[in-house]
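Reading the structure
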Amino acid sequence: MIPRQVVYEALVDVFELSPVAICISTAEYVSRYIMANPAYLRLIGRSW
Amino acid sequence: MYLDTVRSLDDPERLRRLHELETVGLYQLEEVDLRHSSGRVIPTLISTQRRTINGERLDIEIIIDNSERKAVERRILEAAYTDVVTGLPNRAAFDHRLRNLSTQRPSGQGLALAYIDLNGFKSVNDRYGHLVGDRVLRGVAERLRAYVDPQHFAARIGGDEFVLLSTFPRDEPPTAAELQAIAEAICAVMLVDDSRITIGAALGVALTGEAVDADALLRRADILMYAAKATGRAVAVDLKWIDGT
């Protein structure tokens, strides 16, 4: 059985390495970014 | 969720997506324009999932760059509205523009539809061949294009039929003399492969200052064009108001 921690780390790699843009933000009318992956930052031309 | 979107915070589409998140908890593959830091607009497809984790409400977004598909769509749309011989807008583009302008002009604006039918074009095709005929059509289109601006729209709507659709301040309508000058300019002698080619044109010009049925305006301009042609002159213009203004 692979420990959940290992699976979570793999999922973080999915987030970081994905060619598809992904971001997580607060669920508000005017939200704040919590995390954005490199593909998202490339898409909008910004850095973290 | 507010990303680097192009539209305002209270944009109805954005509010609808927020409503989806509040009520359904997600939306999928919604078309949203984002703004690149350079100012360029990026068409995207966004899928969002709303989650509450340890009391924190989060939106998880997956964003697909949709630029290439949108560019292809735009090229297909442009091709659908462009005449392949002359590069002018085609009949479909003209119909679309005419219907919009017939009913949705700024107040105080009139509408003039000049229906242009070339005289002697068949003889050009018969004598010099269709390739030369196409070059003559392109020449006419190029001359018409000189009149195109936000108030004047030119299109090729048939074999040797063109239109010039114009808006004007109602107290400054175009005159028959002005249209005659345009007709003479587009019919000026053309030099094609060392041949001096002369064509003529009959212009039927229907003017209106009111909201008008697009088909009625087109029909009237067509009738006036035939009246101009019936004069037998190489270049002739018949201009009338269709609403008695």
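Residues numbered from 1 in each chain as written. Chains lettered and ligands numbered in written order. Predicted model: local features only at pLDDT ≥ 70, side-chain atom pairs only at ≥ 80, totals over all residues. Heavy atoms only, no water.

Named according to an unreviewed UniProt entry, chain B is Diguanylate cyclase domain-containing protein originating from Ancylobacter oerskovii.

Looking at an unreviewed UniProt entry, one finds chain A named PAS domain-containing protein, with Ancylobacter oerskovii as its source organism.

This part covers the UniProt feature "domain: GGDEF" (unreviewed entry) in chain B. Residues annotated by UniProt as "domain: GGDEF" (unreviewed entry) correspond here to residues 109-241 of chain B. Summarising residues 109-241 of chain B: 39% helix, 35% strand, and an end-to-end C-alpha distance of 14 Å. (UniProt positions renumbered as here; feature names shortened; annotations may be inferred. Helix = DSSP H or I, 4+ residues; strand = E, 2+ residues; numbered from the N terminus.)

What the domain assignment lists for chain B is domain 1 (12-71) and domain 2 (83-241). Distance from the C-alpha centre of domain 1 of chain B to the C-alpha centre of domain 2 of chain B: 47 Å. (Domains from an automatic or database assignment.)

All names here are of chain B. Grouped together as the largest cluster of nonpolar side chains are 32 residues, with contacts concentrated most on Ile116, Leu118, Val136, Val140, Leu144, Phe162 and Leu203. Counting only elements with at least two residues in this core, the list comes to strand E4 (109-119), helix H4 (121-128), helix H5 (130-145), strand E6 (161-169), helix H6 (176-186), strand E7 (190-192), strand E9 (200-208) and strand E10 (235-241). Sort the elements by how many residues they give to this core and H5 lands first, with six residues. Among residues more than four places away in sequence, those in contact with Leu203 are Tyr115, Ile116, Leu179, Ala183, Leu224, Met225, Ala228, Ala236, Val237 and Asp238. Judged by nonpolar contacts, the second largest core, of 23 residues, contains Leu98, Ala214, Ala228 and Ala236. (Core = buried A, V, L, I, M, F, W, Y, C linked by side-chain atoms within 4.5 Å. Buried < 20%, exposed > 50% of the residue type's maximum accessible area, 1.4 Å probe, protein only. Contact = heavy atoms within 4.5 Å.)

A few words on H4(B). Residues and elements named next belong to chain B. Along H4, the residues classified as buried are Phe121, Val124 and Asn125. Each buried residue of H4 sits inside an arc of 95° when the element is viewed along its axis, so together they form one side. When the buried face of H4 is taken as reference, the exposed residues oriented beyond 90 degrees from it are Lys122, Asp126 and Arg127. Packed against the buried residues of H4 are E4, H5 and strand E8 (195-197). Immediately beyond the C-terminal end of H4, within one or two residues, lies Gly129, with a positive phi of roughly 95°. (Arc of directions from axis to C-beta.)

The extent of an interface is frequently quoted as the accessible surface area lost upon association of the parts. Taken residue by residue, the interface counts 25 residues in chain B and 20 residues in chain A. Carbon and sulfur atoms make up 57% of the surface buried where chain B meets chain A, a total of about 1800 Å² over both sides. Counting the contacts that link chain B with chain A gives zero salt bridges. Taken together, chain B and chain A are joined by eight residue pairs in polar contact (both at pLDDT 80 or more). For the side of chain B that touches chain A, the elements supplying multiple residues, two or more each, are helix H1 (12-23), strand E1 (26-35), strand E2 (41-53) and strand E3 (56-65) of chain B. The dominant element in the side of chain B that touches chain A, judged by the number of residues it contributes, is E3(B), at nine residues. Taken together, the residues of the side of chain B that touches chain A break down into 13 nonpolar, three polar and nine charged. In the sheet, strand E1 (residues 21-26) of chain A pairs with E3(B) via six bridges, with the strands oriented antiparallel. By the bridge assignment for E3(B), A:Cys23 is matched with B:Glu61. (Buried area = accessible area lost by both parts, 1.4 Å probe. Salt bridge = Lys/Arg side-chain N within 4 Å of Asp/Glu carboxyl O. Polar contact = N/O pair within 3.5 Å; in protein donor to acceptor, adjacent residues only side chain to side chain. Nonpolar A, V, L, I, M, F, W, Y, C, P; charged D, E, K, R; others polar. Pairing = 2+ DSSP bridges.)

Relative to the helices and strands, B:Thr44 resides in strand E2. A polar contact is formed between the side chain of B:Thr44 and the backbone oxygen of B:Val32, at a distance of 2.6 Å. Discounting residues that sit within four places of it in the chain, B:Thr44 has contacts with A:Leu43, B:Glu30, B:Glu31, B:Val32, B:Leu34, B:Ile63, B:Ile64 and B:Asn66.

A word on the packing of H4(B) against H5(B). Residue and element names in this part refer to chain B. Relative orientation of the contacting elements H4 and H5 amounts to 140°, with a least axis distance of 7 Å. As summarised for this structure, H4 and H5 are arranged oblique, according to the angle between their axes. For the pair H4 and H5, the contacting residues are Phe121, Val124, Asn125 and Tyr128 in the first and His130, Val132, Gly133, Val136 and Leu137 in the second. Its residues placed into classes, the contact of H4 with H5 shows six nonpolar, three polar and no charged. (Axes fitted to C-alpha atoms, helices over the stretch in contact; angles between N-to-C directions. Parallel < 35°, antiparallel > 145°, perpendicular 65-115°, else oblique.)

This next bit is on the pairing of E3(B). All names here are of chain B. Alignment of E2 against E3, held across ten bridges, turns out to be antiparallel. Directly across from Ile53, in E3, lies its bridge partner Glu56. Where E2 folds back on E3, the antiparallel hairpin that results is connected by two residues, among which Asn54 adopts a positive phi of roughly 50°.

Turning to the packing of aromatic side chains, a few remarks are in order. Inspection of every chain in the model, using the stated rule, returns two aromatic pairs over all chains. Relative to B:Trp241, the ring of B:Phe168 has its centre 6.0 Å away and its plane inclined at 80°; by these criteria the two rings are edge-to-face. Of this pair, B:Phe168 sits in strand E6 while B:Trp241 sits in strand E10, placing them 73 residues apart in sequence. Owing to a relative accessible area of 5%, B:Phe168 belongs among the buried residues under this scheme. Over the face of the ring belonging to A:Tyr29 we find B:Arg14, whose NZ or CZ atom lies 4.9 Å from the ring centre. (Phe/Tyr/Trp six-rings, centres within 6.5 Å; stacked < 30°, edge-to-face > 60°. Lys NZ or Arg CZ within 6 Å of the ring centre and 35° of its normal.)

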